[in-house]
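Tertiary structure, described
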Amino acid sequence: MTIMFYLNQLGIICSLGNTHGEIKQNLFNAQSGVILSDQYSPGQMLPIGCLPEKYADLPDLSQKLPLRDRSRNNQLALSALAQIRSAVDAAIEKYGTHRLGIIIGTSTSGIAEGEAALRHHAINNTFPEQFHYGQQELGSPATALAFTSGISGPAYSHSSACASSGKAMASAARLIKMGLCDAVITGGVDSLCEFTISGFSALESISHTRCNPLSLNRNGINIGEGAALFLMSKEPSEIALRGWGESSDGYHISSPDPTGTGAKIAIQQALLRADISTSQIDYINLHGTATPQNDAMESHVIYSLFGDNVPVSSTKSLTGHTLGAASAIEAGLCWLAMHSENQSGLLPPHLWDGIADPALPLLQTAKMNHTLGHSINWVLSNSFAFAGSNIALILGRS
C-alpha cells in the first residue's frame with residue numbers, strides 16, 4: 001500500500017504577513033513584502049523581505065526557552081508553531097510525544113545574536129549576559145521547537161543553503177515511511193542578519209532594486225526572512241507531499257551547473273516518485289532567484305521538460321529569498337493556493353518588469369489574475385542551492 005505524506009496544517013510567517021488570509025491576499029494581488037531598508041546594511045539602503053512592522057512583537061522567549069535557544073530565528077519558528085499548536089497537541093495526544101519528530105531547515109539560526117555579542121565584546125571586552133554560543137548552532141530551531149512542544153522523537157536540522165527546508169520535508173516523509181514517526185513538524189526558518197547580506201554582497205549577488213526573475217534586467221537577489229512549518233502525517237487531508245527529488249551537482253561552490261543536469265535529475269525523481277507525467281503539473285514555483293546564472297539554468301531545464309505548456313512564477317520578488325526557509329515557505333504558498341476554496345485555480349503571479357531575456361526560452365509566466373479554470377491539483381516547487389544541492393517537491397491534492 002502506498003503511504004501518503006499529508007500536509008495537515010501550515011503555520012507561516014513572512015514579509016507577506018502572518019495569517020493565511022493576509023498572505024493569500026498579498027500573494028494573489030502581487031503586493032510585495034520587499035522594502036528598502038538599511039537595518040542590516042548600515043549606510044546602504046537595500047531591498048529586503050522583512051516582517052511588516054506590525055509583527056515586530058514576536059514571542060518573548062525569556063520565560064519559554066533556555067538562554068541557548070533564545071534568538072530572533074527561534075521567535076519566528078515559535079510564531080509559526082503557534083498557528084498549528086492545537087493540531088500538534090492533538091497529534092501528541094493521539095500518538096504520544098515519542099512518536100512525533102521535528103525536522104527543520106535553516107541557514108542562519110542565531111547569527112544575528114552572535115553579531116550583536118561581538119559588537120558588545122569589541123566595546124566592553126566581554127560578551128553580554130543574554131548571549132549564549134548555542135544560539136548560533138544550526139540545531140537550535142529543532143531543539144527550541146522540541147522543548148516548547150514537549151515532543152521527544154527525532155529532532156534535528158538540515159542546513160544545505162536554499163534547499164534546506166525542502167530536504168527537511170523529504171526527511172520527514174522518510175521518517176514516517178520507515179515507521180519511526182507517526183507525525184512530524186517540518187519546514188524551515190531563517191532570519192535577516194548582516195552576515196548573510198554582507199556575504200551575498202561580496203559575491204555581487206545582491207540587487208539594489210526589487211529582484212526581477214527571468215528578466216533581461218535581472219541583477220541579483222533580495223534577502224528575506226520567515227518561517228513555515230507543516231504538520232505532516234498519514235492522517236488524510238486535502239494536500240500531500242506526493243514526490244521529491246534530490247541531487248548534487250558537484251560543479252561549483254556557488255554557481256549552478258549551466259547544463260542543469262542535477263536540477264533536471266531532481267525534477268525527474270520527484271515526478272517518478274509522485275508517479276505522474278509532466279503533462280499533469282498545473283503550476284511550477286520556480287527557484288527564480290533573479291541571478292543571471294540561476295535563471296538561465298532553471299529556465300532551460302523547465303523548457304526541456306515542460307516546454308511552455310505550464311504556467312510558472314517565482315515568488316521571491318514578493319517575499320525575498322528566505323534562504324534556508326525558502327523551500328518550505330514557497331511550498332506553503334503553493335499549499336495555500338491549492339486549497340479547495342480556490343476553485344478557479346488562481347495562480348501566484350510572476351512579479352517582474354515583463355522584459356524577457358531573449359537568451360532564455362520563453363516560459364509561460366503567470367500574470368495577475370491568471371486562473372486555470374479548475375483547482376490546482378499538482379504543483380512542482382524547485383530549490384537549487386549553493387554547491388549544487390538540489391531539491392524538487394511535488395504537492396498534490398488528495
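No experiment lies behind these values; they were computed from the predicted model shown.

Attention shifts here to the nonpolar core. Ranked by size, the top nonpolar core spans 50 residues in total, and within it Leu241 and Leu395 carry the most contacts. Within the residue set of this core, elements represented by two or more residues are β1 (5-14), α1 (20-28), α5 (164-177), β7 (226-233), β8 (239-248), α10 (326-338) and β13 (389-397). When residues in this core are grouped by element, the largest group, nine residues, is from α10. Aside from chain neighbours lying at most four places away, what touches Leu241 is Phe5, Leu7, Met169, Ala173, Met232, Leu393, Ile394 and Leu395. In this structure, Ile13, Ala80, Val189 and Ala227 belong to the second largest nonpolar core, which totals 29 residues.

Turning our attention to the layout of surface pockets. What the largest pocket holds in volume is close to 420 Å³. Ser205, Ser254, Pro256, Thr291 and Phe386 are, among the 25 residues lining the largest pocket, the residues nearest its centre. Top contributing element to the lining of the largest pocket by residue count: helix α8 (residues 292-306), with four residues. Taken together, the residues of the lining of the largest pocket sort by class into ten nonpolar, 13 polar and two charged.

Okay, the packing of α5 against α10 next. Packing of α5 against α10 leaves a shortest axis separation of 5 Å and a crossing angle of 75°. The pairing of α5 with α10 is recorded here as roughly perpendicular in orientation. On the side of α5, the interface is formed by Ser165, Gly166 and Met169, while α10 contributes Ala326, Ser327, Ala328 and Ala331.

Attention shifts here to unusual backbone geometry. Phi at Leu214 takes a positive value of approximately 75°, unusual for a residue other than glycine. Along the chain, Leu214 falls in the loop between α6 (194-202) and β7. Residue Leu214 is classed as buried on the basis of its relative accessible area, which comes to 11%. In this structure, Leu323 takes a positive phi of about 55° despite not being glycine.

Within the fold, Ser314 resides in the loop between β10 (311-313) and α9 (316-319). Among the residues examined, Ser314 registers a relative accessible area of 0% and is labelled buried. Of the polar contacts made by the side chain of Ser314, one reaches the backbone nitrogen of Lys316; its length is 3.4 Å. Sequence-distant contacts of Ser314, that is, excluding residues within four places in its chain, are made with Pro213, Leu286, His287, Gly288, Pro349 and His350.

About the criteria used
- Residues numbered from 1 in each chain as written.
- Predicted model: local features only at pLDDT ≥ 70, side-chain atom pairs only at ≥ 80, totals over all residues.
- Heavy atoms only, no water.
- Core = buried A, V, L, I, M, F, W, Y, C linked by side-chain atoms within 4.5 Å.
- Buried < 20%, exposed > 50% of the residue type's maximum accessible area, 1.4 Å probe, protein only.
- Helix = DSSP H or I, 4+ residues; strand = E, 2+ residues; numbered from the N terminus.
- Contact = heavy atoms within 4.5 Å.
- 1 Å grid on protein atoms, 1.4 Å probe; cavity = no way out; pocket = protein on both sides within 12 Å on 5 of 7 lines; lining within 4 Å.
- Points joined across faces, edges and corners; volume = space filled by probe spheres on them.
- Nonpolar A, V, L, I, M, F, W, Y, C, P; charged D, E, K, R; others polar.
- Axes fitted to C-alpha atoms, helices over the stretch in contact; angles between N-to-C directions.
- Parallel < 35°, antiparallel > 145°, perpendicular 65-115°, else oblique.
- Polar contact = N/O pair within 3.5 Å; in protein donor to acceptor, adjacent residues only side chain to side chain.

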